Amino acid sequence: MTKLELAMASLLEALTMLSEKYHYDSIGIEAALTEEIVSFARKFGFSKIPNKNDDWLIPVANLKQNLK
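Presented here is an overview of the structure given in this document. Keep in mind that this is a model prediction, so the values were computed, not measured. All residue numbers here refer to positions counted from 1 along the written sequence of the relevant chain. Owing to the predicted nature of the model, reporting of local features is limited to residues with pLDDT of at least 70; listing and counting of side-chain atom pairs is limited to 80 or more, with chain, interface and lining totals taken over all residues. Heavy atoms throughout the structure, all of them, feed into the side-chain values; hydrogens and water do not.

1. A look at the nonpolar core
And then number 1: In this text, buried Ala, Val, Leu, Ile, Met, Phe, Trp, Tyr and Cys residues form a nonpolar core when linked through side-chain atoms within 4.5 Å. Burial here depends on accessible area, computed with a 1.4 Å probe over protein chains only, as a share of the maximum for the residue type. Under 20% is buried, over 50% is exposed, and the range in between is partly exposed. L12, I29, F44, F46, W56 and L63 are the most contacted members of the largest nonpolar core, which totals 15 residues.
And then number 2: Only α1 (3-21), β1 (26-29), α2 (35-43), β3 (56-59) and α3 (60-66) provide two or more residues apiece to this core.
And then number 3: Runs of H or I in DSSP of at least four residues are treated as helices and runs of E of at least two as strands, each being numbered from the N terminus. In terms of residue count, α2 provides more of this core than any other element does, three residues in total.
And then number 4: Ignoring anything within four residues of it in the chain, the contact list for I29 reads I37, F40, A41, F46, D54, D55 and W56. The contact rule is simple, with two residues in contact once any of their heavy atoms fall within 4.5 Å.

2. Some remarks on α2
And then number 1: For α2, the full list of buried residues reads V38, F40 and A41. The buried residues of α2 all sit within an arc of 160 degrees when viewed along its axis, so they share a single face. In α2, the exposed positions that point more than 90 degrees away from the buried face belong to E35, E36 and R42.
And then number 2: The secondary structure elements touched by the buried residues of α2 are α1, β1 and β3. Throughout, the arc means that of the directions going from the helix axis to the C-beta atoms.

3. A look at the pairing of β1
Looking down a regular strand, the side chains alternate between one sheet face and the other.
And then number 1: Of the two faces of β1, the one holding I27 and I29 is buried and the one holding S26 and G28 is not buried anywhere.
And then number 2: When DSSP locates at least two bridges between a pair of strands, those strands are taken to pair. In this sheet, β3 lies alongside β1 in antiparallel orientation, the contact comprising four bridges. Of the residues in β3, the one forming a bridge with I27 is I58.

All we've got here are geometric facts, nothing functional implied.
Structure below.
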């Protein structure tokens, strides 16, 4: 993994912990307008939200599993 990928994984781990603490079920990415952001979303298991062209979502439990 590159330094940037490690930093992004660390950010997602922190968001996962905060989501659990504050009882959020999912984490989303809004307005993924570049291929880099879309690639990032796919890499970590986010799914495109139906009828929302540029928005991606993942359940916190799935993200937690994907980060292992």
